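What follows is each chain in one-letter form.
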Amino acid sequence: MFRPVEIPLWLLVLIVLFATVTFASHFLFPSVRWFFRKRMERAVARLNTRLARPIEPFKLARRHDMIQRLIYDPAVAQAIVEHAQSHGVPENVAFELAGDYAREIVPSFSATAYFTFGTRAAKWLSRALYRIRLGAFDRDALDAIDADAAVVFVMNHRSNMDYVLVTWLAARTSALSYAVGEWARVWPLAPLIRAMGAYFIRRRDRGALYRRVLQRYVQMATAGGVTQAIFPEGGLSLTGRMAPPKTGLLGHIVEDFGNHPRDVIFVPVALNYDRVLEDRVLIGAGAAGNRRFRVPPARLAGAVLGHLGQRLTGRFRGFGTASVGFGAPLSLAEFLGGAAPQPQDTARLSREMMSRIEEVMPVLPVPLVAGILLDVSPLPPERIEIRVAACLGMLHARGVALPRRDAARITADALDNLLRRGLLVEGGEGLRPAPGAEPVLRFYAASVAHHFEPARLAAAAPDLSPPTPGR
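Residues numbered from 1 in each chain as written. Predicted model: local features only at pLDDT ≥ 70, side-chain atom pairs only at ≥ 80, totals over all residues. Heavy atoms only, no water.

In the nomenclature of an unreviewed UniProt entry, the chain corresponds to Glycerol-3-phosphate acyltransferase from the organism Limimaricola cinnabarinus. According to its UniProt record, the chain has this under Pathway (unreviewed entry): "Phospholipid metabolism; CDP-diacylglycerol biosynthesis; CDP-diacylglycerol from sn-glycerol 3-phosphate: step 1/3." Its UniProt record gives the chain the following Subcellular location (unreviewed entry) comment, quoted word for word: "Endomembrane system". (UniProt positions renumbered as here; feature names shortened; annotations may be inferred.)

What follows is the structure, given as structure tokens:
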């Protein structure tokens, strides 16, 4: 028993390796995970004392546990059976497919990644590219939201910068959970987005089983009090105007209302920019009649290198202003009036939220001046300034949140931005759109055109005839 045994060196190395792995997996790794888990829990407890809405336990649950809870949910189990029957496959095959969907959807939120890296990077990037201005904002109304309610920020979708901007601005309130499209399911972006608490959704090829898994995840997150952010348009605006709302995610929340004790508070959020980074890509997709945002790598690399060159030489002067407005919160309990949700309630809610977003849409220099020059041109700068002042007066009478600058400064900022981009040309009679620039100017003017619709202005300024931006 104690006699020496000769074995090859490779076999000894293999035995030691297996022993090391076994020891680590059974003793070392659980201890390390427990150590870091306790540190994370203490860090989150300290963080929750500073947040207006503490991070809910649902968001901190282990990803594996959430996946198991999701695929064993009774509604998902029923959908698995129906999928197996309708597709003629064994139930275990349908169960594995549901598991794949759950792993695709469920995030792996990291408070450290979100508040240490994510929000700081969002703040740096936002301020490096834009002047950030807060539009309409009723702090008292937002502070009065029930602490036990689930909050859902409902936003228009102008740019992929929307995620960055709102993540930073909402960092003092809570950690937001976004629905992100397939475009971000690439390494190394996908793990980072999951760590930030976002979840992926498919916009195409969605069967009944996938929809049920997604539905139950959104409903579980809402019941768990997770603060969410939803883009009801379902994608980026291709025209500058808000697109008709889609009721998918909102519908999931409304349908489950009453099955958990929480109220749901919807907060309308309006975002607008003096320059949308991907404006020409969006305009091209709209002209082509599809939503394929394909940017040639050479063009993308050229844009990045050109921007870095401007930074290094000190010639970069920013992309103008980016502004966010917050509208009046809406309680789902009050909206339903104590009645059970009905199929038509989701459509009513969507229309109401889109209307509230439009009401607080920030009016920025470039959209305002672009609309004026599309309406009448050429115009000299002093005539543009007069029209800007008239527009500001009418909007002020309607209670629209306006830039904290006078007409002269707004006009100068807008003209500087548009001239630097080559969207305007100067002639003997003044400024006019450059050849081929009208689609871009219309894209910006359309974002505030609803503020100038005659029906909206009739009561506020019946004796004035304003320019109609984006007509």
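This is not the end of the story, as more comes after the structure.
Participant: Explain the overall build of the chain to me, using residue names and the numbers behind them.
Facilitator: Helix and strand content of the chain: 20 helices and ten strands. By residue count, 48% of the 471 residues in the chain fall in the buried class. Counting only contacts in the chain whose residues sit at least 6 apart along the sequence, the fraction spanning at least 24 positions is 75%. Summing over all exposed atoms, the chain offers an accessible surface of approximately 24,300 Å²; the carbon and sulfur share of this is 57%. (Helix = DSSP H or I, 4+ residues; strand = E, 2+ residues; numbered from the N terminus. Buried < 20%, exposed > 50% of the residue type's maximum accessible area, 1.4 Å probe, protein only. Contact = heavy atoms within 4.5 Å. Areas by Shrake-Rupley, 256 points an atom, 1.4 Å probe, with all protein chains shown as cover.)

Participant: Can you lay out the pairing of strand β6 (residues 264-273) for me, pointing to particular residues and giving the numbers?
Facilitator: Counting buried positions along β6 yields ten of ten residues, so the element is predominantly enclosed. Burial of β6 is two-sided: the residues V264, F266, P268, A270 and N272 facing one way and the residues I265, V267, V269, L271 and Y273 facing the other way are all buried. Two elements, strand β2 (residues 150-155) and β6, share six bridges in a ladder whose sense is parallel. The residue bridging V151 from the neighbouring strand is I265, located in β6. Across two bridges, β6 lies against strand β8 (residues 330-331) in antiparallel orientation. Along β8, the bridge assignment pairs I265 with S331. In terms of strand pairing, β6 meets strand β7 (residues 321-326) through five bridges, oriented antiparallel. Bridge assignment links N272 to a residue of β7, and that residue is S323. (Pairing = 2+ DSSP bridges.)

Participant: Just give me the short version of a positive patch on the surface, but keep the residues and values in it.
Facilitator: A cluster of basic residues, R203, R206, R211, K246 and R291, forms a positive patch at the surface. Structurally, the position occupied by R203 is in the loop between β4 (199-200) and α10 (208-223). (Patch = residues over 30% accessible without salt bridge, like charges linked within 9 Å, V, L, I, M, F, W, Y side chains within 5 Å. Salt bridge = Lys/Arg side-chain N within 4 Å of Asp/Glu carboxyl O. Lys, Arg positive; Asp, Glu negative; His and termini not counted. Charge placed at Lys NZ, Arg CZ, Asp CG, Glu CD.)

Participant: Hey, could you go over the nonpolar core for me, with residue numbers and the actual values?
Facilitator: If you look at the biggest cluster of nonpolar residues, it comprises 77 residues, and the most contacted ones within it are F153, M155, Y178, V267 and V388. Counting only domains with at least three residues in this core, you end up with domain 1 (66-292 + 312-360) and domain 2 (365-451). The next biggest cluster of nonpolar side chains, apart from the first, holds 47 residues, and it includes V76, I80, I357 and V360. (Core = buried A, V, L, I, M, F, W, Y, C linked by side-chain atoms within 4.5 Å. Domains from an automatic or database assignment.)

Participant: Give me the lowdown on the pattern of salt bridges, citing residues and values where you can.
Facilitator: Should their charged atoms come close, side chains of opposite charge can pair. Following the criterion strictly, the structure yields 13 salt bridges and no others. The partner of R216 in a salt bridge is D256, and the shortest N-O contact between them spans 4.0 Å. Of the two residues, R216 is situated in helix α10 and D256 in the loop between α11 (248-255) and β6; the sequence distance between them amounts to 40 residues. Residue R216 is classed as buried on the basis of its relative accessible area of 16%. One salt-bridge network, in which partners are shared between bridges, spans D73, R216 and D256.

Participant: For the pairing of β7, give the residues involved together with the corresponding values.
Facilitator: The two faces of a sheet get side chains in turn, since along a regular strand they alternate between them. Of all the six residues making up β7, six are buried; the element is thus mostly covered by neighbouring parts of the structure. The side-chain alternation of β7 yields two buried faces, one formed by T321, S323 and G325 and the other by A322, V324 and F326. Bridge count between strand β1 (residues 131-134) and β7: four bridges; the pairing is parallel. Looking at the pairing, I132 lines up with A322 of β7.

Participant: So what's going on with the confidence of the model for the chain? Which residues, and what values?
Facilitator: Looking at the chain as a whole, its pLDDT mean stands at 82, while 83% of the residues score no less than 70. Element-level pLDDT for the chain is lowest in helix α20 (residues 454-457), with a mean of 50, against a maximum mean of 95 in helix α19 (residues 438-445). The model gives residues 32-37 a pLDDT under 50, and that stretch makes three contacts with residues more than four places away or in other chains. Segment residues 455-471: pLDDT under 50, and 31 contacts once partners within four positions in sequence are set aside and those in other chains are kept. (pLDDT = per-residue confidence, 0-100.)

Participant: Any chance you could break down the packing of helix α4 (residues 74-87) against helix α5 (residues 91-105) for me, citing the residues and the numbers?
Facilitator: Packing of α4 against α5 brings their axes to within 8 Å, and their N-to-C directions diverge by 125 degrees. For the element pair α4 / α5, the angle class is oblique. You can see that α4 and α5 cross each other, and the crossing is right-handed. Contacts between α4 and α5 involve V76, I80, V81, H83 and A84 from the former and E91, A94, F95, L97 and A98 from the latter. Looking at the contact of α4 with α5 residue by residue, the class counts come to eight nonpolar, one polar and one charged. (Axes fitted to C-alpha atoms, helices over the stretch in contact; angles between N-to-C directions. Parallel < 35°, antiparallel > 145°, perpendicular 65-115°, else oblique. Left-handed = near helix turned anticlockwise from the far one by under 90°. Nonpolar A, V, L, I, M, F, W, Y, C, P; charged D, E, K, R; others polar.)

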